[in-house]
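The residues making up each chain are set out below.
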There are 2 protein chains.
Amino acid sequence: VSETTTSLRVRATEYFRDLQDRICAGLEQADGQARFREDTWQREGGGGGRTRVIANGAVFEKGGVNFSEVFGTMSEEFARQVPGEGREFTAAGISLVLHPRNPYVPTVHANFRFLTKGQKQWFGGGADLTPYYPFREDVVQFHRVWRDICQRHAPVVDYHQMKEDCDRYFFLTHRNEPRGVGGIFFDYLEDHLERIFDFVRDCGDAFLAAYLPIVARRRHTEYGQRQRDWQLYRRGRYVEFNLIHDRGTLFGLKTGGRIESILMSLPPLVRWEYDYHPEPGSPEAELLEQYLPPRDWANEPV
Amino acid sequence: VSETTTSLRVRATEYFRDLQDRICAGLEQADGQARFREDTWQREGGGGGRTRVIANGAVFEKGGVNFSEVFGTMSEEFARQVPGEGREFTAAGISLVLHPRNPYVPTVHANFRFLTKGQKQWFGGGADLTPYYPFREDVVQFHRVWRDICQRHAPVVDYHQMKEDCDRYFFLTHRNEPRGVGGIFFDYLEDHLERIFDFVRDCGDAFLAAYLPIVARRRHTEYGQRQRDWQLYRRGRYVEFNLIHDRGTLFGLKTGGRIESILMSLPPLVRWEYDYHPEPGSPEAELLEQYLPPRDWANEPV
């Protein structure tokens, strides 16, 4: 079957399914100890997915890589909030979150998806990094991967727009605080869909190369209770964002998704402490003051 | 100043402020080790509060008792969702959540408040219990306290209604699962306000007597890693409820409340595990199967 006769939806779905295999294989190899367990599931209203979870690894305390391909009818209320006529939709995509055990290794999230509603079709997705400690090299290198891909696909893709949309999206309005150091975020890309699909494939293919070098650099750094406490505290912000603000979580809950697959993104262990503030001048304070406020990291020196 | 010439709002506010003192004193005495720290705060739009937090106690791993008295103008969108004309409101109340360290001691929540919007005035509140292990005596005794108070105030107050409203409210729709074993819940009580105030005072005054006997019975029960892991896992449900569903949390976020006071209800340490199910026949499974589904506990034998 040639590209032109096979629908974009089918090809995107196949790409995401294969990407899940490749990413999981790469993460298992990097971890060296734990393996993904797989649960396949069917959605009552139509479709299903393959949830893969890794836990108690040498690197990854908990992580999930979810592939899903769902379709059906949105509730009337939810359908009003999503572009495209009618209530019928399809959604295929991959979503992943990795929570490393070592506080010097950042948490990472990525998501790539293809949706249709009525006659509308679009891609959405992105990748963003949530470090616990400030390492300029890690943040600059991560951002440069996405900048370079975007630049290869310009002008169909606008890096600065996607970078700013990421900063805007991963923001805890209730705390007036960014979730992490950002990356790229895009949604409702509906023009030049074949060229956008090329872009999305380049992004998906680059995920391991964007993240694993950071893992390799930090995984053996020694840490103590102080660093662990800070990591667990900061993970609380991740939970707050995902449960209060995240559209992906909301989409899953509103469209009858599998709850354990939707919430697999939550960290394994989390700490809340009332009115906690790190010591001025500490690396923890540096993260908040110098790394969370949005910056054009890709164009800064390492 | 006689009761009739002092507004209900002023008297309710004074009652809640004094109740915070009495409850904190009783909890400190029960804990025997930790003391509450107090933060007073001002709200930009009007009013303020006294947040009191206890941590690392002999009994209480983390707990908060918040008094607040706020007033101002609601956003247009939020005002549409609250009864009463216009956007001007006042709200005074006390809200508390206690997370004990010992998994055999249940988490407890209570909240009593008086609100006005336009010409409307009403009381709301309630108290509910979230055990980690099944103890019939604790659950029955807790429910009986509230049943007995409601019956003393009948027919202005309807126990069965308040008990069912509690079961309905503290429910995680995304998991189709109750948060705990319930208690009572009421809102928008606007008729016979002086008699409702009597009822609310009886509830507030009874809080320590409803909870501390349970603490006394369970606080010295030995536990191990299994019980601790289960407690941390179940605390995840508490977080999910408070961040996804709780109207009190939402009210605070929507009316520009102090974020650390609103989220002081979150547990100190929480665990999420993918697709976890307790062993069939275990006490953990018994809690889920026999204690979470709503029952008329107050009228069951101990």
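Residues numbered from 1 in each chain as written. Chains lettered and ligands numbered in written order. Predicted model: local features only at pLDDT ≥ 70, side-chain atom pairs only at ≥ 80, totals over all residues. Heavy atoms only, no water.

(A) Representation of the overall build of chain A in the model. Per the secondary structure count, chain A includes nine helices and ten strands. Looking at the 302 residues of chain A, the share that counts as buried comes to 61%. Taking all contacts inside chain A whose residues are at least 6 apart in sequence as the whole, residues at least 24 apart take part in 71%. Looking at chain A as shown, the accessible area adds up to about 12,400 Å², and 48% of this sits on carbon and sulfur atoms. In chain A, the 39 positive side-chain charges and the 44 negative ones have mean positions that sit 2 Å from each other. (Helix = DSSP H or I, 4+ residues; strand = E, 2+ residues; numbered from the N terminus. Buried < 20%, exposed > 50% of the residue type's maximum accessible area, 1.4 Å probe, protein only. Contact = heavy atoms within 4.5 Å. Areas by Shrake-Rupley, 256 points an atom, 1.4 Å probe, with all protein chains shown as cover. Lys, Arg positive; Asp, Glu negative; His and termini not counted. Charge placed at Lys NZ, Arg CZ, Asp CG, Glu CD.)

(B) Spotlight on the pattern of salt bridges. This model, assessed by the stated rule, comprises 74 salt bridges over all chains. A salt bridge links Arg 228 of chain A to Glu 61 of chain A; the shortest N-O distance between them is 2.9 Å. Placement of the pair is Arg 228 of chain A in helix H6 (residues 225-245) and Glu 61 of chain A in strand E3 (residues 60-73), with a sequence separation of 167 residues. Neither Arg 228 of chain A nor Glu 61 of chain A differs from the other in exposure class; each is buried. A salt bridge links Arg 147 of chain B to Asp 148 of chain B; the nearest nitrogen and oxygen atoms lie 3.1 Å apart. Salt bridges sharing common partners tie together Asp 21, Glu 38, Arg 50 and Arg 52 of chain A. (Salt bridge = Lys/Arg side-chain N within 4 Å of Asp/Glu carboxyl O.)

(C) Main features of H6 of chain A. Helix length check: H6 of chain A (21 residues) gives 30 Å between terminal C-alpha atoms against 30 Å at 1.5 Å per residue, within 8%. With 16 of its 21 residues buried, H6 of chain A lies for the most part within the structure. (Expected span 1.5 Å × (residues − 1).)

(D) Highlighting the pairing of strand E4 (residues 88-100) of chain B. Residues and elements named next belong to chain B. Counted residue by residue, E4 has eleven buried out of 13 residues, so it is predominantly covered. The pairing of strand E3 (residues 60-73) with E4 spans 13 bridges and is antiparallel. Looking at E4, one finds that Gly 72 is bridged to Phe 89. The pairing of E4 with strand E5 (residues 107-117) spans ten bridges and is antiparallel. Among the inter-strand pairings, Thr 90 is bridged to a residue of E5, identified as Thr 116. In textbook terms, the turn of a hairpin is the stretch between consecutive antiparallel strands, and for E4 and E5 this stretch comprises six residues. (Pairing = 2+ DSSP bridges.)

(E) Expanded view of the interface of chain A and chain B. Each partner contributes to the interface: chain A provides 30 residues, whereas chain B provides 30 residues. Buried area between chain A and chain B, summed over both chains or domains, comes out near 2,600 Å², and the portion from carbon and sulfur atoms is 62%. Seen at the junction of chain A and chain B, the total is six salt bridges. Arg 37 of chain B is paired through a salt bridge with Asp 275 of chain A; the nearest N and O atoms lie 3.6 Å apart. If you look at where chain A meets chain B, you find eleven residue pairs in polar contact (both at pLDDT 80 or more). At the level of elements, strand E1 (37-42), strand E2 (47-55), H6, helix H8 (259-262) and strand E10 (269-271) of chain A are the ones that each hand at least two residues to the side of chain A that touches chain B. The biggest single contributor to the side of chain A that touches chain B is H6 of chain A, with six residues. Residues belonging to the side of chain A that touches chain B are distributed by class as follows: 17 nonpolar, three polar and ten charged. Pairing of E10 of chain A with strand E10 (residues 269-271) of chain B, which is carried by three bridges, proceeds in the antiparallel orientation. Looking at the pairing, Arg 271 of chain A lines up with Leu 269 of chain B of E10 of chain B. (Buried area = accessible area lost by both parts, 1.4 Å probe. Polar contact = N/O pair within 3.5 Å; in protein donor to acceptor, adjacent residues only side chain to side chain. Nonpolar A, V, L, I, M, F, W, Y, C, P; charged D, E, K, R; others polar.)

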